[in-house]
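Residues per chain, in single letters:
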Amino acid sequence: MKLKLLLCLLTWLLLHDQPQPDRAILPRSATRSTNDVPTHALGLVGWANFDNFNPAGDGIRDDSEKLVKALAYCQTHRLGLFINPTKKYFLKTPIDYAFAGTVAIRSSRTGQPAVFYLPDNEQFPLQLSAKAGSLETTLTKAITTGDQALTLTATTDLKPGDLLHIQTKTAWPIETDTRKGEFNVVQSLTQNQVTLKYPCQDDYSLSDSVLVTHYRPAMVYAKELEFRVRKTDDRPVIGLTVLYTQHSQLDRLRIKDAQYASLMLYGCYDTKVTDCVVEGANEEGAGYGIGTVGGWRYSVLHNTSHGCRKLCDFSGDSDRGPTRHSEAIANKAYGQGKTNLGNDLFQVQSFCVATHGGADGILIERNIAYNCQTGFQLRGRNIILNANQILGESLYPISLAGGQNHTVTNNIYQALLQNAAKNQAPDYPNYPKGVIGLSENLLHSGHIIIRNNQFDFVRNYGIYGNDVRQHCTISDNRFIFNTFGKAEPKPQIVYFEQLTSPLSDLQIQHNTWQMASANLAMPRVQVILRRDSTYSEGPLIDWVSSEIQGLQATHVLTMTTGKNNSPQAVDMDNLVINKQGKTITLAGELSFTLNRAAQPFINGMPAPIPAEDYFFDFQNQASGSTYKGQVEGKTGQICLGAQASTFGSSFLGGTPFVTRLSLNYTTR
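This one's a predicted model, so the numbers in the text were calculated from it and none came from an experiment. (Residues numbered from 1 in each chain as written. Predicted model: local features only at pLDDT ≥ 70, side-chain atom pairs only at ≥ 80, totals over all residues. Heavy atoms only, no water.)

Hey, could you go over the overall build of the protein chain for me, with residue numbers and the actual values?
Along its length, the protein chain carries two helices and 54 strands. Expressed as a percentage of its 668 residues, the buried residues of the protein chain come to 55%. Once local pairs closer than 6 in sequence are excluded, the contacts in the protein chain between residues at least 24 apart make up 70%. Carbon and sulfur atoms form 49% of the exposed surface of the protein chain, whose accessible area is close to 27,300 Å². With 60 positive and 59 negative side-chain charges, the protein chain shows a spacing of 4 Å between the two charge centroids. (Helix = DSSP H or I, 4+ residues; strand = E, 2+ residues; numbered from the N terminus. Buried < 20%, exposed > 50% of the residue type's maximum accessible area, 1.4 Å probe, protein only. Contact = heavy atoms within 4.5 Å. Areas by Shrake-Rupley, 256 points an atom, 1.4 Å probe, with all protein chains shown as cover. Lys, Arg positive; Asp, Glu negative; His and termini not counted. Charge placed at Lys NZ, Arg CZ, Asp CG, Glu CD.)

Encoded structure:
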């Protein structure tokens, strides 16, 4: 009888303070989740109190062993673990806890986080990992993108609900620092055939050296916890590491001074990170506030970072493949701070949200980057950057640094110059020379869409690109140009240089701009394209597939003569090309001087439709005389004549000639 009473008392002690069941969590979306998860939804029967395992709780003595014992007990009895927020727990010994089922840890008092101290003598002081299954196998049949059924050499120990990991030694085609691979969930088994929950995202041949492994269903639920890294040295530390779990939820965590990363998620499936605060993840070489490496469907919602190199980074590696189909929504990043080497975060590349080469299908929406050196950096594949704000100081508000098929829409940059302290001039070198950059590291195939963005402080370029080869749609963007900080007196809306191949499907339309200062000249052209010095002769634009407004003719058109001698001087800087639909115009000022008497030809314009010669008049501005010109019907070559009523006569050598052209005709 006494034993029975003792057992009842022990059970009551372990289960006391169990929270009342809350309403069900909201569906996965951008909506802020203020409700807790019911205990039954976590697969738990109740909660145990960490104090019952007699931790020191003084923030000095090591409580690692006690925490592991508490977690193991909770796993055995399907309990969550309450942490007393009035105490401090020091986890001096690294914890690497592998489990199946649910690990649920939360403060026992709503609104008051429970605090753990972590040492900085190990990179991974606290790891929670799904338990690995024993099967390691490969394919007997190749996989095609979209397949949901796999045929494996063996399925022993594989079970429905397991997290299946497909990994190869083949480089993912977007960037070489990631290997092709993915995670999925086993839905059913029939002998050696496996049906997956979702279609496969890539092709895998039998020669890809495919390795298939698996992990037991496991969930981490953590709420209102604080992790502080205690500085004893200067080593890279990850505050909390979660590996290979499913449906994990990390809510209202606060992680301080974990230089390498506050929170790292490796190969997880369907994970929510909400309302967390990360501080001081600012190591010179990393500094992830929240980092993902491989996996599927991460939702990073309503989190805040202070002094981190990155609030969030979606990435991949050679062991886990890319991160796929994830989102960062309504987060706030405050970029002020210093790295672990003492450098200002403006001296290194730091971001609000970044996607690395191992990112595929990421939505970045309604985030705020405040005083971040780089607002958003896009690499990987199929990244959408929509309705974000970049505020205050920023060298690179939006950087398309690699990958393909990125979409940048409805974003705003505001310099907030009116917020500067009285009698204190803004530090203009910390404000953008250009607001959207396109790197030469972007892949040579794909499509970039930049539409309906607004920027209130631009010094030199609206959009700057280096060796752009992807199809580009740039439309309905608005720019305000300024003179401050050694700005260019003639700013450009779109400036692409070092082009090494013809541009096709180039759509640049309906962009608008204004000058914030009277001493800035309104640009006569909107778009400047400059070919690389090694670029072979030939058209710079595929006119059939492209539409463009305000294109400077200088680097698109070339002038030659009929006697194989080059012109002495040619100036087409104020000659502008427009193409909308099938209508093309060439208008503005042209000046040239020939070495000797010859007939000049302008090359690079598209041919008229129908393929008939198109004639036009032009004048010598000095004499007022009117002459004839012709657009050749089959080639589009423009022939200029120096005599009235003829286009076949020569211009004198050594004599400057200035004219205004105005051509308008239909092309393909």
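Now that the structure has been shown, we can carry on.
Give me the lowdown on the pairing of strand E51 (residues 614–619), citing residues and values where you can.
Taken together, the six bridges between E51 and strand E52 (residues 626–631) define a ladder with antiparallel strand orientation. Residue pairing in the sheet places Phe616 in a bridge with Gly629 of E52. In this antiparallel pair of consecutive strands, E51 and E52, the connection spans six residues, and Gly624 shows a positive phi of 80°. (Pairing = 2+ DSSP bridges.)

So what's going on with the sheet that holds strand E9 (residues 149–151)? Which residues, and what values?
If you walk across this open sheet you meet the five strands as E9-E12-E11-E10-E13, and the pairing is antiparallel. Of all strands in the sheet, those bounded by a partner on one side alone are E9 and strand E13 (211–215). Direction aside, the axes of adjacent strands within the sheet are offset by 40° on average. Inspection of the sheet shows strand E10 (residues 163–171) paired to strand E11 (residues 179–190) by six bridges, in the antiparallel sense. (Axes fitted to C-alpha atoms, helices over the stretch in contact; angles between N-to-C directions.)

Break down the nonpolar core for me, citing the residues and quoting the values.
One finds Ile436, Leu438, Phe496, Leu529, Ile577 and Leu586 to be the most contacted residues of the largest nonpolar core, which totals 142 residues. If one sorts the elements of this core by residue count, strand E19 (residues 261–274) sits on top with eight residues. When neighbours within four sequence positions are excluded, Leu529 is seen to be in contact with Phe496, Leu499, Leu503, Leu506, Leu540, Ile541, Leu551, His555 and Val556. Formed by 15 residues, the second largest nonpolar core is a distinct cluster that contains Leu139, Val186, Val194 and Val210. (Core = buried A, V, L, I, M, F, W, Y, C linked by side-chain atoms within 4.5 Å.)

Break down the packing of aromatic side chains for me, citing the residues and quoting the values.
If you walk through the whole model with that rule in mind, you get 29 aromatic pairs. Pairing Phe618 with Phe657 gives two aromatic rings, centres 6.3 Å apart and planes at 80°, and the pair type is edge-to-face. Within this pair, whereas Phe618 is found in strand E51, its partner Phe657 is found in strand E54 (residues 657–666), the two being separated by 39 residues in sequence. By relative accessible area, which is 6% here, Phe657 ends up buried. Aromatic rings pair up to connect Phe592, Tyr614, Phe616, Phe618, Tyr627, Phe651, Phe657 and Tyr665 into one cluster. (Phe/Tyr/Trp six-rings, centres within 6.5 Å; stacked < 30°, edge-to-face > 60°.)

Describe the sheet that holds strand E50 (residues 600–603), and please don't skip the residues or the numbers.
The strand order across the open sheet built from five strands is E46-E50-E53-E52-E51, with neighbouring strands paired in antiparallel fashion. The open sheet terminates on both sides in strands that have one partner only, identified here as strand E46 (558–561) and E51. Taking the axes of each pair of neighbouring strands and ignoring which way they run, one obtains an average angle of 25° across the sheet. Direction of pairing for E46 relative to E50: antiparallel, over a ladder of four bridges. By the bridge assignment for E50, Thr560 is matched with Phe601.

Lay out unusual backbone geometry in plain terms, naming residues and giving numbers.
Glycine aside, residues mostly have negative phi angles, and peptide bonds mostly take the trans form. Of note, the amide linkage connecting Ile609 to Pro610 takes the cis form, showing an omega dihedral of 0°. Looking at where Pro610 falls in the secondary structure, it is placed in the loop between E50 and E51. We note that Asp275 has phi near 55°; this positive angle belongs to a residue other than glycine. Summarising the element assignment, Asp275 is placed in the loop between E19 and strand E20 (277–279).

I'd love a proper account of the side chain of Thr292, names of residues and values included.
Mapped onto the secondary structure, Thr292 falls in strand E21 (residues 288–301). The class for Thr292 is buried, based on a relative accessible area of 0%.

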